Amino acid sequence: MDFADKLQSYRKQRGMSQENLAEAIGVSRQAVSKWESGQSYPEMEKMIALSELFQVSIDHLVKGVAVEDSRIQETNASPHYKPVPEEGVSSSMRWVRGYSYHYEYKSRATLYGVPIVHINYGRGKLHVAKGIIAVGNIAIGALSLGLLALGGISIGVLSAGLISLAGFSFGLLLAIGGGAIGTIAIGGLALGIFALGGLALGMFSLGGAAIASRVAIGGYASGHIAIGDTVRGAYTLIAQEGQLSDIYADDVRSLIYQEYPGLWRTIVGLLVWMFR
């Protein structure tokens, strides 16, 4: 069996049309047709892609070397692998030996030249997705989801955006994560103008350990105004037996307005809600 016959045989075992195969490895249907009719051969990059897709060696495809352990039996073929492209979209999927894979979907609908949806992820290398909605190893978009996510609303292991949620996050407005840096930061380690966390560092801080330039509230509190069990500051309120709820909200509010008379009521409200 020559290359053309093997290619056609493996394609059919996978339940793929020529269009499906062409899309999976990034060529035209006409190119696949020429390969299967023996009119031309794939370049090395595409030959490697074919060997990975069908899980056989290049030598087997080209020279007729026995498949041995890499043989694909019909029982192990993927009869359900029949990706039919939807109207108006394009997608591709490649499965590679060793559980590596790559999947990409990009909508043809765009906004100012940017796809509405772009999904691009896989194992073996980092894949970048760029779209209004982006999902990928690295994702960049208005709404992004990835190991590294950048955008308006970003969710990932490491993310940065207007609103960010991640293991480690940076948010211009709001950051939530194990480590968080933002205007409002919430996390195990929080750094922000308003910080809430196990260790909170900011202008206004609330946490197990709170360090602030203005108001600090926590088990350990250090700031110009310090409120908590263990306190350090110019003005302090000590919680008896660690019970912040025993401190009167009016006392805290009066102290804050005494030192910062122009402070926004919303910020003051956030600082005194836990007191009675």
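Residues numbered from 1 in each chain as written. Predicted model: local features only at pLDDT ≥ 70, side-chain atom pairs only at ≥ 80, totals over all residues. Heavy atoms only, no water.

Colleague: Which residues make up the pattern of salt bridges, and what values do they have?
Modeller: Taken as a whole and assessed by the stated rule, the structure comprises three salt bridges. Between Glu 36 and Arg 11 there is a salt bridge, and its shortest N-O distance comes to 2.5 Å. A residue pair is termed long-range when its members are at least 10 positions apart, and Glu 36 in helix 3 (residues 29–36) and Arg 11 in helix 1 (residues 3–13) qualify at 25 residues. Each member of the pair Glu 36 and Arg 11 is classed as buried. (Salt bridge = Lys/Arg side-chain N within 4 Å of Asp/Glu carboxyl O. Helix = DSSP H or I, 4+ residues; strand = E, 2+ residues; numbered from the N terminus. Buried < 20%, exposed > 50% of the residue type's maximum accessible area, 1.4 Å probe, protein only.)

Colleague: Could you give me a rundown of the packing of aromatic side chains, with the residues and numbers involved?
Modeller: In this description, a pair of aromatic rings is defined by centroid distance and the angle of the planes. Counting across every chain of the model gives three aromatic pairs. For the pair Phe 3 and Tyr 41, a centre-to-centre distance of 5.5 Å together with 35° between the ring planes defines the contact as tilted. One end of the pair, Phe 3, is in helix 1; the other, Tyr 41, is in the loop between helix 3 and helix 4 (44–54), and 38 residues separate them in sequence. Geometrically, the ring pair formed by Tyr 103 and Tyr 121 is tilted, given 5.7 Å between the ring centres and 45° between the ring planes. Placement of Tyr 103 in strand 2 (residues 100–107) and of Tyr 121 in strand 5 (residues 117–122) is noted, with a sequence separation of 18 residues between them. (Phe/Tyr/Trp six-rings, centres within 6.5 Å; stacked < 30°, edge-to-face > 60°.)

Colleague: Which residues make up the side chain of Ser 51, and what values do they have?
Modeller: Relative to the helices and strands, Ser 51 resides in helix 4. You can call Ser 51 buried: its relative accessible area is 7%. Reaching out from Ser 51, the side chain makes a polar contact with the backbone oxygen of Ile 48 at a distance of 2.8 Å. (Polar contact = N/O pair within 3.5 Å; in protein donor to acceptor, adjacent residues only side chain to side chain.)

Colleague: Go over the side chain of Lys 46, please, and point to the residues and values.
Modeller: Within the secondary structure layout, Lys 46 lies in helix 4. Buried charge without a partner: Lys 46 forms no salt bridge, and the closest opposite charge is Glu 45, 4.3 Å away. The contacts of Lys 46, once residues within four sequence positions are left out, are Ile 25, Gly 26, Val 27 and Trp 35. (Lys, Arg positive; Asp, Glu negative; His and termini not counted. Contact = heavy atoms within 4.5 Å.)

Colleague: Explain the confidence of the model for the protein chain to me, and be specific about the residues and the numbers.
Modeller: Looking at the protein chain as a whole, the pLDDT averages 85, with 86% of positions reaching at least 70. Confidence, expressed as mean pLDDT per element, reaches its minimum in the protein chain at strand 1 (residues 89–96) with 42 and its maximum at strand 6 (residues 128–222) with 96. Contacts for the low-pLDDT stretch residues 68–99, under 50 throughout, to residues beyond four places or in other chains number 66 contacts. (pLDDT = per-residue confidence, 0-100.)

Colleague: Which residues make up helix 2 (residues 18–25), and what values do they have?
Modeller: Burial analysis of helix 2 places six of its eight residues in the buried class, the great majority of the element. All of the buried residues along helix 2 are Gln 18, Asn 20, Leu 21, Ala 22, Ala 24 and Ile 25. A positive phi of about 80° marks Gly 26, the residue just after helix 2.

Colleague: Could you give an account of the nonpolar core, naming the residues involved and the relevant values?
Modeller: Within the largest apolar cluster, 21 residues are counted, with the highest numbers of intra-cluster contacts made by Val 215, Ile 217, Ile 227, Ile 256, Leu 271 and Phe 275. Contributing elements (two or more residues each) for this core: strand 6, strand 7 (225–232), helix 6 (249–259) and helix 7 (265–272). Excluding its chain neighbours within four sequence positions, the residues that come into contact with Phe 275 are Ile 217, Ile 227, Leu 244, Ile 247, Tyr 248, Ala 249 and Val 252. Among the nonpolar cores identified, the runner-up in size contains 18 residues, and Ala 22, Trp 35, Ala 49 and Leu 50 belong to it. (Core = buried A, V, L, I, M, F, W, Y, C linked by side-chain atoms within 4.5 Å.)

Colleague: An account of unusual backbone geometry is needed here, citing residue identities and associated values.
Modeller: A positive phi angle is found at Gln 55, which is not glycine, with a value near 60°. When you line up the elements, Gln 55 lands in the loop between helix 4 and helix 5 (58–63). Backbone geometry places Tyr 112, a non-glycine residue, at a positive phi of 55°. Within the secondary structure, Tyr 112 sits in the loop between strand 3 (110–111) and strand 4 (114–115).

Colleague: Which residues make up the packing of helix 1 against helix 4, and what values do they have?
Modeller: Viewed as axis vectors pointing N to C, helix 1 and helix 4 meet at an angle of 40°, and their least axial separation amounts to 11 Å. By the criterion of interaxial angle, the relationship of helix 1 to helix 4 is oblique. Judged by the sense of rotation from one axis to the other, the crossing of helix 1 with helix 4 is left-handed. In contact with Phe 3, Leu 7, Tyr 10 and Arg 11 of helix 1, helix 4 contributes Met 47, Leu 50 and Phe 54. Here the residues of the contact of helix 1 with helix 4 are counted per class, giving six nonpolar, no polar and one charged. (Axes fitted to C-alpha atoms, helices over the stretch in contact; angles between N-to-C directions. Parallel < 35°, antiparallel > 145°, perpendicular 65-115°, else oblique. Left-handed = near helix turned anticlockwise from the far one by under 90°. Nonpolar A, V, L, I, M, F, W, Y, C, P; charged D, E, K, R; others polar.)

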